[in-house]
Amino acid sequence: MLENCLRSIGAQEVPEGWRYRAIVVENSETAESRDLALRIAEETGLSMDYAIEPERGIPQVRNRSLSLALERRADWIAFIDDDEIADPGWLEAYCRAADAYDAEIMRGPVVLDYPPETPDWLPKRSKAVGETGKPRP
């Protein structure tokens, strides 16, 4: 899953004046995916930082990601999980929306694509969003 995710990020394009860098935070005590992440970054030309967050949990990973992005003096941060794939144009759409709407925060849809062997007990709900450029109530 991580390989597919990173390849989709490495294939992104952004408008002129924008640039991006991936921050991969592995939620583990060991660097199990480090070599894979570095290999994909090299193959795709993706600028990337890699870190480990040993404390389990998505909040810890998000906080570590934010800390690393702030150290890099990032203007924007976009999150994607390793089990997701960024559609072509994903990052470009966010860049253009940020410019067009002078937005401070944005979100987009997540369309879930489960393999046939997914257990029936797992909720299968995609995450929809409202109209582009419209503030959330």
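For the structure itself, consult the block above.
Residues numbered from 1 in each chain as written. Predicted model: local features only at pLDDT ≥ 70, side-chain atom pairs only at ≥ 80, totals over all residues. Heavy atoms only, no water.

1. Considering the packing of aromatic side chains
Per the counting criterion, the structure on display carries one aromatic pair. Seen from their ring centres, Trp90 and Tyr94 are 5.8 Å apart, and the 90° between their planes marks the pair as edge-to-face. Taken together, the residues span about one helical turn, with Trp90 and Tyr94 both in helix H4 (residues 90-101) at a distance of four residues. (Phe/Tyr/Trp six-rings, centres within 6.5 Å; stacked < 30°, edge-to-face > 60°. Helix = DSSP H or I, 4+ residues; strand = E, 2+ residues; numbered from the N terminus.)

2. Thoughts on a nonpolar patch on the surface
Nonpolar side chains collect at one region of the surface, where Leu66, Ile77 and Phe79 lie side by side and expose about 220 Å² of accessible area between them. Secondary-structure assignment places Ile77 in the loop between helix H3 (58-71) and H4. Looking at Ile77, the relative accessible area reads 37%, which means it is partly exposed. (Patch = residues over 30% accessible without salt bridge, like charges linked within 9 Å, V, L, I, M, F, W, Y side chains within 5 Å. Areas by Shrake-Rupley, 256 points an atom, 1.4 Å probe, with all protein chains shown as cover. Salt bridge = Lys/Arg side-chain N within 4 Å of Asp/Glu carboxyl O. Buried < 20%, exposed > 50% of the residue type's maximum accessible area, 1.4 Å probe, protein only.)

3. Considerations on helix H2 (residues 34-44)
Of the positions making up H2, those classed as buried are Ala37, Ile40 and Ala41. Down the axis of H2, the sector holding all buried residues measures 100°, keeping them to one side. The outward face of H2, more than 90 degrees from its buried face, is lined by the exposed residues Asp35 and Glu42. Of the surrounding secondary structure, the elements contacted by the buried residues of H2 are helix H1 (2-10) and strand S2 (48-52). One or two steps after H2, the chain reaches Gly45, where phi turns positive at roughly 80°. (Arc of directions from axis to C-beta. Contact = heavy atoms within 4.5 Å.)

Read these as spatial facts, not as claims about activity.
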